[in-house]
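Geometric and topological summary
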Amino acid sequence: MSTLPDVRGTLTPNRVLSDLTWLRVGGPADWLFQPADVADLSEFLRDLSEDVSVFPMGVGSNLIVRDGGLRAVVIRLGRGFNSISIDGTRVTAGAAALDAHVARRAADRGVDLTFLRTIPGAIGGAVCMNAGCYGSYVADHLVEVRAILRTGEVVTLPAADLHLAYRSSVLPEGAVVIEAVFDGQPGEAAVLHARMEDQLAKRDATQPTKDRTAGSTFRNPAGFSSTGHADDVHDLKAWKVIDDAGMRGAIRGGAQMSPKHSNFLVNIGGATAADLEGLGEEVRKKVFLDSGIELQWEIKRVGEPLADKT
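These remarks concern the structure in this document. Quick caveat, the model's predicted, so the values are computed rather than measured.

Concerning the overall build of the protein chain
When its secondary structure is counted, the protein chain shows 7 helices and 18 strands. Relative to a compact globule of 310 residues, whose C-alpha radius of gyration would be 19 Å, the protein chain shows 20 Å and is just as compact. In terms of its C-alpha atoms, the protein chain occupies a principal-axis envelope of roughly 60 × 50 × 30 Å. Per-residue burial over the protein chain gives 48% buried out of 310 residues. Taking all contacts inside the protein chain whose residues are at least 6 apart in sequence as the whole, residues at least 24 apart take part in 63%. Total accessible area on the protein chain is roughly 14300 Å²; 48% of this is exposed by carbon and sulfur atoms. Charge separation in the protein chain, taken as the distance between the mean sites of 33 positive and 40 negative side-chain charges, equals 5 Å.

Regarding the pairing of strand S2 (residues 28-34)
One ladder, built from 6 bridges, connects strand S1 (residues 10-16) with S2; its direction is antiparallel. Along S2, the bridge assignment pairs Pro13 with Trp31. Sheet topology note: the S2/strand S5 (residues 70-76) ladder contains 4 bridges and is parallel. What sits directly across from Trp31, in S5, is Val73.

Quick notes on the environment of Val155
Here Val155 is to be found in strand S12 (residues 154-158). Between the C-alpha atoms of Val155 and Ala175, which are 20 residues apart in sequence, the distance is 9.7 Å. Apart from the residues lying within four places of it in its own chain, the contact partners of Val155 are Val145, Arg146, Ala147 and Leu149.

Brief notes about the nonpolar core
In this structure, Leu41, Ile75, Leu77, Val102, Ile123, Val127 and Leu142 are the most contacted members of the largest nonpolar core, which totals 51 residues. At 5 residues, strand S13 (residues 176-183) tops the list of elements feeding residues into this core. When near neighbours in sequence (up to four residues on either side) are disregarded, Val127 contacts Val138, Leu142, Val145, Leu162, Leu164, Ser169, Ala180 and Phe182. Formed by 24 residues, the second largest nonpolar core is a distinct cluster that contains Met247, Ala250, Leu276 and Ile293.

Things to note about the packing of aromatic side chains
For the structure on display, the rule yields 2 aromatic pairs. Seen in terms of ring centroids, Phe33 and Phe44 are 4.3 Å apart; in terms of plane orientation they differ by 35°. Their pairing is tilted. Of this pair, Phe33 sits in strand S2 while Phe44 is found in helix H1 (residues 38-47), placing the two residues 11 residues apart along the sequence. For Phe33, a relative accessible area of 0% gives the class buried.

Notes on the sheet that holds strand S16 (residues 255-257)
Reading across the sheet, the 3 strands line up as S15-S16-S17 and stay open at both edges, with antiparallel pairing between neighbours. Looking along the sheet, the strands with just one partner apiece sit at the ends: strand S15 (251-252) and strand S17 (265-267). Pairing of S15 with S16 involves 2 bridges; the strand directions are antiparallel. Within S16, the residue paired with Arg252 across the bridge is Ala255.

Overview of the side chain of Asp30
Within the secondary structure, Asp30 is located in strand S2. Among the polar contacts made by the side chain of Asp30, one reaches the side chain of Arg71 at a distance of 2.9 Å.

Re helix H7 (residues 273-291)
With 19 residues, H7 should reach 27 Å at 1.5 Å per residue; the first-to-last C-alpha distance of 27 Å fits that figure. Among the residues making up H7, those that are buried are Ala273, Asp275, Leu276, Glu277, Gly278, Leu279, Gly280, Val283, Arg284 and Val287. The secondary structure elements touched by the buried residues of H7 are strand S4 (63-65), helix H6 (238-244), S15, S16, S17 and strand S18 (300-302). In the segment just after H7, Gly292 is the residue with positive phi, at about 80°.

A closer look at unusual backbone geometry
Although it is not a glycine, Asn14 adopts a positive phi angle of roughly 50°. Along the chain, Asn14 falls in strand S1. Despite not being glycine, Tyr134 shows a phi value in the positive range, around 55°. In this fold, Tyr134 is placed in the loop between strand S9 (132-133) and strand S10 (136-137).

About the thresholds
- Residues numbered from 1 in each chain as written.
- Predicted model: local features only at pLDDT ≥ 70, side-chain atom pairs only at ≥ 80, totals over all residues.
- Heavy atoms only, no water.
- Helix = DSSP H or I, 4+ residues; strand = E, 2+ residues; numbered from the N terminus.
- Rg over C-alpha atoms; globule rule 2.2 N^0.38 Å.
- Buried < 20%, exposed > 50% of the residue type's maximum accessible area, 1.4 Å probe, protein only.
- Contact = heavy atoms within 4.5 Å.
- Areas by Shrake-Rupley, 256 points an atom, 1.4 Å probe, with all protein chains shown as cover.
- Lys, Arg positive; Asp, Glu negative; His and termini not counted.
- Charge placed at Lys NZ, Arg CZ, Asp CG, Glu CD.
- Pairing = 2+ DSSP bridges.
- Core = buried A, V, L, I, M, F, W, Y, C linked by side-chain atoms within 4.5 Å.
- Phe/Tyr/Trp six-rings, centres within 6.5 Å; stacked < 30°, edge-to-face > 60°.
- Polar contact = N/O pair within 3.5 Å; in protein donor to acceptor, adjacent residues only side chain to side chain.
- Expected span 1.5 Å × (residues − 1).

The structure is reproduced here in structure tokens:
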């Protein structure tokens with residue numbers, strides 16, 4: 001690998017990533033970079049050889065890193081990128097700020113971003129995935145983001161430039177989101193907090209929140225508008241077609257499709273990334289054979305499989 005630029009943050013070679021993902025799987029990255037601040041990250045990207053790949057990683061809540069790891073510099077933002085500030089109904093949050101923390105802080109100030117409360121992960125990932133819950137999506141509230149391009153340039157991108165769609169966005173290749181600005185609706189703090197408690201209770205009653213999962217495994221099959229809203233309340237749900245194909249509770253190695261919610265992959269103990277991805281692909285095949293529906297992964301899968309030593 002090319003010589004890497006000097007940094008003020010932490011640069012760790014051959015860093016195993018399994019403990020940084022919610023599913024607890026994943027091989028080593030060539031390097032893990034935890035920048036000290038915006039300038040540190042900007043200078044690193046500016047001086048990094050073009051032949052070295054970069055992969056921005058949040059808290060690993062919606063991610064499978066394959067067992068062979070990543071031939072890249074994984075960039076993981078930390079304390080220098082998790083600030084939250086509020087001015088009126090405008091909420092500015094660092095990319096490393098947890099979605100739940102942003103929702104609570106906003107509610108404290110009478111700003112409704114309650115949809116973020118039950119979304120696992122951090123703001124950077126929520127923006128990139130146009131995350132949503134209970135009928136609201138990032139696309140409904142995002143004003144702009146700040147990002148660092150692969151050239152090291154710090155840019156401000158209006159929400160329209162991200163082309164937010166159902167569980168997706170478009171960012172310049174190699175760009176790292178460092179901050180997002182949202183516009184919420186005004187509300188009473190007590191009411192907003194009560195709503196979030198109700199949302200948490202509903203989530204815990206229907207989803208395997210105590211297990212090792214990565215959130216929803218597959219996107220809902222069809223019928224969503226460009227902002228991510230369902231056009232029809234009768235649209236198919238991924239869990240329903242998985243159930244119909246008889247795959248609720250299916251097991252492969254240490255991986256299982258949750259008996260509580262069949263669109264959640266669970267590491268029930270000792271699962272490899274190959275177990276989890278393999279079970280997901282098995283589910284996709286069974287659903288296609290049963291209904292003709294081709295499920296699309298919502299969990300991001302990156303890296304290389306473990307090399308066969310035989």
